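Secondary and tertiary structure notes
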Amino acid sequence: MGMIYLTNNDKEYEGVVNLPLLATEYSPIDIDLNLFDAIIVTSKNAVKALHKSSKDWTKKPIYSISKPTSDYILSLNGNVVYTGISGHGSDFANELIPMLGNKKVLYLKAFEVVSNLEDILNRNSIDLTSYIAYKTICQQIDTTIESKSVIIFTSPSNIDCFLKNFTWNPTNIAVCIGKTTALRLPEYIKYHLSSKTSIEECIKLAKSLY
């Protein structure tokens, strides 16, 4: 067998090789948070951008897409009032609709967004302001991917960047952290979907395949 590769993660895991495909550029969040009743975040990067720009953000109620993101918010003493059940953008939007009807909401998003969260909330008359908090940049990396390996993809951007750096080897298997990520894969790539949107669950699945 080959190796288990994890796309774009700065934490080390035993038996896993990190592929640092993406660099992140954070945007200053030059907006008055006092104008909003709540904040929506769908990634740790949005939280990092918020933390870099404001010290008062921890007072705001935050609606977080997943447990890993919520755990990160809590580690910074943030106020998580809701954690998404599915961990997927469009499903998360539908979960939020009943909770946000009378609130003015700030959505901190990436420069490129693949989910329909914003459209769904707007169609349901949620008072939503969207703000680009960060963008990801594909990096060239000089690494050889071994045959018969498992590649863990943690975002659609990681898939795009991986395929810019490497030609897909049909002996390899993809593991995707969520449905939105899996939809970005070309049809010729076989994949397995993690049961939970967490890197740890992806690694557990990869090791069972490996």
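Counting of residues starts from 1 at the beginning of each chain's written sequence and follows it residue by residue. Predicted model: local features are reported for residues with pLDDT of at least 70 only, side-chain atom pairs are reported and counted for 80 or more only, and whole-chain, interface and lining totals are derived from all residues. The side-chain figures draw on all heavy atoms in the structure; neither hydrogens nor water molecules are used.

This part is about the state of the cysteines. By disulfide we mean two sulfur atoms from cysteines, separated by a distance within 2.5 Å. Following the criterion strictly, the structure yields 1 disulfide and no others. Between Cys138 and Cys161 runs a disulfide, and the two sulfur atoms are separated by 2.0 Å. On the S-S bond that ties Cys138 to Cys161, the torsion sits near 80 degrees, and the link is right-handed. Highlighted residues: Cys138 in strand S8 (residues 127-138) and Cys161 in helix H5 (residues 156-165), separated in sequence by 23 residues. In this structure Cys161 comes out as buried when scored by relative accessible area, which is 1%. The structure places no disulfide on Cys176, whose sulfur is separated from the nearest cysteine sulfur, that of Cys202, by 8.0 Å. Counting from the N terminus, the helices are DSSP H or I runs at least four residues long and the strands are E runs at least two residues long. With a 1.4 Å probe rolled over the protein chains alone, any residue whose accessible area is under 20% of its type maximum counts as buried; one over 50% counts as exposed, and the rest are partly exposed.

So, on to the sheet that holds strand S2 (residues 17-19). Ordered by their spatial adjacency, 5 strands build an open sheet running S2-S1-S9-S10-S11, and the pairing between neighbours is parallel. At either end of the open sheet lies a strand with only one pairing partner, and these are S2 and strand S11 (191-193). For this sheet, the mean angle separating the axes of adjacent strands, direction not counted, is 25 degrees. Pairing between strands requires that DSSP locate at least two bridges from one strand to the other. Inspection of the sheet shows strand S1 (residues 4-7) paired to strand S9 (residues 150-153) by 3 bridges, in the parallel sense. By the bridge assignment, Leu6 is partnered in S9 with Ile152. Residue contacts are counted whenever heavy atoms from the two residues lie within 4.5 Å of one another. Axis lines are fitted through C-alpha atoms, for helices just across the contact stretch, and the angle between N-to-C directions can take any value from 0 to 180 degrees. Across the face of the sheet, H5 comes into contact with S1, S2 and S9 while running at roughly 135 degrees to S9. With respect to the sheet, helix H7 (residues 199-209) is in contact with S1, S9, strand S10 (173-176) and S11, its orientation differing from that of S10 by roughly 155 degrees.

Another point: the nonpolar core. In terms of nonpolar packing, the biggest core is built from 19 residues, with Ile39, Val41, Leu50, Trp57 and Leu108 touching the most fellow members. Top element by residues in this core is helix H1 (residues 44-53). It accounts for 4 residues. Leave out the neighbours within four places in its chain, and Val41 touches Ala46, Val47, Ile62, Tyr63, Ser64, Ile65, Thr69, Ile73, Phe92 and Leu108. Working definition of a nonpolar core: buried Ala, Val, Leu, Ile, Met, Phe, Trp, Tyr and Cys residues. They are joined through side-chain atoms within 4.5 Å.

Moving on: helix H2 (residues 67-75). One turn of the α-helix equals 3.6 residues, which is why residues spaced by three or four share an orientation. Buried within H2 we find Thr69, Ser70 and Ile73. Seen end-on, H2 carries its buried residues on one side only, within an arc spanning 100 degrees. Away from its buried face, by an angle of more than 90 degrees, H2 presents the exposed residues Lys67 and Ser75. In this fold, the buried residues of H2 make contact with strand S4 (38-41), H1, strand S5 (61-64) and strand S6 (79-83). Positive phi shows up at Asn77, right after H2, with a value of about 70 degrees. It is the directions from the helix axis to the C-beta atoms whose arc is reported.

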